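Descriptive structure summary
Single-letter residue listing:
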Amino acid sequence: METHPKRINRWIPLAFLLIHSVAILIFTRGFLLTRTELPFHSTCSDASLSPCLSPNPPIHHSYSNQNQPKCWTKPVVDRVVIIVLDALRIDFLAPSAFFPAKPWMDKLTVLQNLAFGNESSAKIFKAFADPPTTSLQRLKGLTTGGLPTFVDVGNSFGAPAIVEDNFINQLVLNGKRLVMMGDDTWTQLFPNQFHKSYPFPSFNVKDLDTVDNGCIEHLFPTLYKDDWDVLIAHFLGVDHAGHIFGVDSMPMINKLEQYNTVLERVVDILESQAGPGGVHENTMLIVMGDHGQTLNGDHGGGTAEEVETTMFAMSTKKHTTSVPPEFDTSSCKQDPDGKQMCISSIEQLDFAATLSALLGISFPFGSIGHVNPELYALGSSSLNLDNTKQPAVKEWMKSYVNVLCVNAWQVKRYIDVYSNSSVVGFSSDDMSRISNLYSAAEHNWSNSVKHILMYNDGNEDSTNTSALKAQIAAYLKFFSSVAELARSKWTEFNLSLMITGFGILVISLILQSLAIVHGDNKPYGVSSGLSTGAAFTLFIVLIRACSFLSNSYILEEGKVANFLLATTGLIKLRYSVMRKTMRKEAFVFLAMVSVLRVSIDIGLTKQAATSQFMSSSPTWMLGLAPDHPALTYAIEIAPILSVAALICVLYVAIARTHSEGIWKYVTVGSMLSYFLIALLWASESKIFGFDGLLQVIGGRNIIPQTVYVIGLVQLFLLASAHMFCSGKDKNWGSRTVALVSACSSPVILLSGKQGSMLALAYLLAGYCIMRLEGVERRTKSDGQNKFSKLDSVCVVQWSLLSVCMFFASGHWCAFDGLRYGAAFVGFDEFVLIRQAILLTIETFGFSIILSVFGLPLLIPSHGEKRHQLFQMYMLYGVISATTVTATILCVTIHRRHLMVWGLFAPKFVFDVVGLILTDVLICLASAFYL
């Protein structure tokens, strides 16, 4: 007779999954839109439309490459060698005099010596990247001269080809020959563009050497050849060493020292071939990072350490020209010997335009950057300044101001076309301001500066020099305004779609609430009247939802959830004291909340860009040094003891629930997995004497793979048991323990040695919630049906506990909070689907997977369980959906906020992924339990 409502209860979660998916898809199409990519490409003939001087014929100076065809500007260098050192922090290259001394500094000494040598035309720059700071977005930004878009972060695992005009495309159109080696992202972004390419797989962060060794193998022979014009070598070792070991580690230092040796040999080859008629007579070497990294090796966000990287540039011609002080961005320090050391600054946004000017090709159509004066000045060695009557600085300014004229015309053309072509474009006020700045600069150019360049006889004239400087300043002001406008209003938001998606989510919340209150005619749901517990639950959920309207509370989301969880614990403690029962459980629960609070603090220190907390010691409260023997033993032994405790808990659970058949065997399989995990950790430790065990049994991957296989077999057995067993209530506890234990093994393994301790804390806190739920029920008992009302407080406690577990396990809502190394636990090679599944399990294992499947543990030992569980899952889904709805409202309100891409958008992505995963697991749990 219960078959019909049972079948309905299974379909309702699936219906809400579909509704949420549709709502999120609609909202995402309105919010995470990419910048409109225009299909236009620059050509050499376009320059005739500009008001600037044509590069033919030459004005007052000649170039070493006169025979090369001219395009928009005169080529300044013949060849460019670009060496990308992925995740190159500024303090990896800049001298330690600029920073507090750290072990990883001053390792790239060959570049420092060149930059600060008396006769060298080399310079170190502090380079600024635009977030998001993932490699894909940075390469797109570097080559197109545009700003990256947040939605492309998802493409970092499979880069699509760039269809927008870019620096690489312009090189090919202008007949330049390109050679690439290293990170295979380049060949994915620019297929069939390279004359020669030697790509190597880039996503295996555990591999520090394959990509780098491949670069080294092909780099040195290629430097001796003359069959290329631009060479790109992309090294990944520093990035991978940071992800796995952190910045302050020996693998990182070893990688930097290796790079120093490689760069020393590169410089020797270039200088040996730099004589008259040599292959590298007029070559520019650029060594650069695509982004920085935090102390923990993370990147992707917009913190200072992530967006600040560095660049080294050197011309093989030793003559160089200093830029006027007005345009010099140098910051100087003195070394211990009193020697002056200066580093300049550059925006990565300007890289495409500057390289285009140096090589004399068309600027990418969508570039909004400008030619950097100091990097362009390094190429002034190719100007035949000895044959001109004018000072080198003025001659450089005359060349540079004409380049800026073409640059400004190109940017203004793009802004006009973009505003007219895109759906939203820019506002009339913004366009008016930009147009006025450009018109003022162009008017001054046409009436004054153009005549100076065309007819000046070379006599020194301070008035002419001032006019050139004023013209350059006017162009730079125009570029600055365009970049500021683009950064603030680049993304086009479709407000109609955003409101539609938000409205559907609100409707789904109403429907889910009705499903809780009026699930069917049985009297076991929440009463229609608003009880004290329901009002308190609503208050807690709304308080947490409202906190998302503040970026500060989002940054402290883990602490907010922990505070609310502690508040509910105090309420339960009050009931316990009043009823004089279960006071021990109430105090233990508050103690576990305190433990999670400390864990959240430790997790937040990993997120903090400049925090030294983790590198010193997380046990500073105990006054122990990082290398203290007691600390060493505690770190190695505590996880294994926690695993032993979990095994004991499962044994007791089997005994008390009278498990039998498949449920018992599945739980025993989890105990075996726990034992294997403990064995793996013991063999990796130096204090147990099991160092050679892994080699004996077949390598360090054999145990993780065995755990995965056991888990898959367990899930298969559980599915089979559900199909062939009636699922009576007497097996309810056994089924829940079996399913949760089967899922917990890979979660603990992937979480590292903290996993077992977090699982134990989670278990204790969950047990206390289950026990204290009975206290609340006794206060609501009506004497006839002891379980007539659903205790909503325990469900919100369970939800808050899962949020705390997400942050306590060291995660946060940002892409640099993902532990990519977990995707390779048990495997060395990269397979996208497999690694994505492992990364998802590690990220959401404690907070969603175990929480959803473990929810039936809150149901009392007597009463109507099937309907109670349905109500609980609906309430848990409402709480999760309310969180996402609040996040979407917050994102809609703050869509023009300064931190929209650095904070609000990542929060939105993590929340919607979490909601979809929660809905999917609720559907699976409903099919399994109901």
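Please refer to the structure placed before this passage.
Residues numbered from 1 in each chain as written. Predicted model: local features only at pLDDT ≥ 70, side-chain atom pairs only at ≥ 80, totals over all residues. Heavy atoms only, no water.

With that settled, consider the overall build of the protein chain. Secondary structure assignment for the protein chain yields 31 helices and nine strands. Considering only residue pairs separated by 6 or more positions, the protein chain has 77% of its internal contacts joining residues 24 or more positions apart. Carbon and sulfur atoms provide 61% of the accessible area of the protein chain, an area that totals close to 36400 Å². (Helix = DSSP H or I, 4+ residues; strand = E, 2+ residues; numbered from the N terminus. Contact = heavy atoms within 4.5 Å. Areas by Shrake-Rupley, 256 points an atom, 1.4 Å probe, with all protein chains shown as cover.)

If you trace the nine strands from one edge of the open sheet to the other, you get 4-3-5-1-6-7-2-9-8, paired in mixed fashion. Taken across any chain shown, the strands that pair with only one partner, and hence form the sheet edges, are strand 4 (196–200) and strand 8 (331–334). Between one strand axis and the next, the sheet turns by 15° as a mean value, whatever way the strands run. Two elements, strand 3 (residues 178–183) and strand 4, share five bridges in a ladder whose sense is parallel. Considered in strand 4, the bridge of Gly 182 is made with Pro 199. (Pairing = 2+ DSSP bridges. Axes fitted to C-alpha atoms, helices over the stretch in contact; angles between N-to-C directions.)

As a further point, take helix 14 (residues 428–455). Counted at 1.5 Å a residue, the expected span for helix 14 with its 28 residues is 40 Å, and the 39 Å between its end C-alpha atoms agrees. Along its length, helix 14 reaches its greatest deviation from straightness, about 50°, at Trp 445. Residues of helix 14 that are buried: Asp 430, Met 431, Ile 434, Leu 437, Tyr 438, Ala 441, Trp 445, Val 449, Ile 452 and Leu 453. (Expected span 1.5 Å × (residues − 1). Bend = angle between axes of the 7 residues up to and from the residue. Buried < 20%, exposed > 50% of the residue type's maximum accessible area, 1.4 Å probe, protein only.)

Applying the stated criterion to the full structure yields 24 aromatic pairs. Measuring from centroid to centroid gives 5.6 Å for Phe 31 and Phe 908, while their planes differ by 80°, and the two rings are edge-to-face. Highlighted residues: Phe 31 in helix 1 (residues 3–31) and Phe 908 in helix 31 (residues 900–929), separated in sequence by 877 residues. Look at Phe 31 and you get buried, because its relative accessible area is 0%. According to the relative accessible area criterion, Phe 908 is buried, its value standing at 1%. Geometrically, the ring pair formed by Phe 365 and Tyr 414 is edge-to-face, given 5.8 Å between the ring centres and 90° between the ring planes. On the criterion of sequence distance, the pair formed by Phe 365 in the loop between helix 11 (351–359) and helix 12 (373–377) and Tyr 414 in helix 13 (residues 392–421) is long-range, its members being 49 residues apart. Taking relative accessible area as the criterion, Phe 365 reaches 5% and is therefore assigned buried. (Phe/Tyr/Trp six-rings, centres within 6.5 Å; stacked < 30°, edge-to-face > 60°.)

Attention now moves to the state of the cysteines. One pass over the structure, following the stated rule, counts three disulfides. Covalent S-S linkage joins Cys 44 and Cys 71, the inter-sulfur distance amounting to 2.0 Å. Negative torsions about the S-S bond denote left-handed disulfides, and the value of about -110° found for Cys 44 with Cys 71 makes this one left-handed. Of this pair, Cys 44 sits in the loop between helix 1 and strand 1 (79–85) while Cys 71 sits in the loop between helix 1 and strand 1, and the two are 27 residues apart along the sequence. Paired by a disulfide, Cys 52 and Cys 405 hold their sulfur atoms 2.0 Å apart. Handedness here is read from the sign of the S-S torsion; for Cys 52 and Cys 405, about -90°, the answer is left-handed. One end of the pair, Cys 52, is in the loop between helix 1 and strand 1; the other, Cys 405, is in helix 13, with 353 residues separating them in the sequence. What makes Cys 52 buried here is its relative accessible area of 11%. Exposure remark for Cys 405: the relative accessible area of 2% places this residue in the buried category. Looking at the protein chain, its bonded cysteines, counted consecutively from the start of the sequence, adopt the pairing 1-3, 2-6, 4-5. (Disulfide = S-S within 2.5 Å.)

So, on to the side chain of Ser 926. Mapping Ser 926 onto the fold places it in helix 31. From its side chain, Ser 926 meets the backbone oxygen of Ile 922 in a polar contact 2.7 Å long. For Ser 926, the contacting residues outside a window of four places in its chain are Arg 10 and Pro 13. (Polar contact = N/O pair within 3.5 Å; in protein donor to acceptor, adjacent residues only side chain to side chain.)

Attention now moves to the pairing of strand 5 (residues 230–235). Residues in a regular strand point their side chains to alternate faces of the sheet. The buried fraction of strand 5 is high, at six of six residues. Note: strand 1 against strand 5, six bridges, orientation parallel. Residue Ile 82 lies in a different strand from strand 5, and its bridge partner there is Ile 232. In terms of strand pairing, strand 3 meets strand 5 through five bridges, oriented parallel. Residue pairing across strands places Met 181 opposite Ala 233, the latter belonging to strand 5.

One non-glycine residue, Asp 106, lies in the positive phi region at around 60°. The backbone of Met 582 shows a phi angle near 55°, a positive value even though the residue is not glycine. Relative to the helices and strands, Met 582 resides in the loop between helix 19 (557–579) and helix 20 (583–607).

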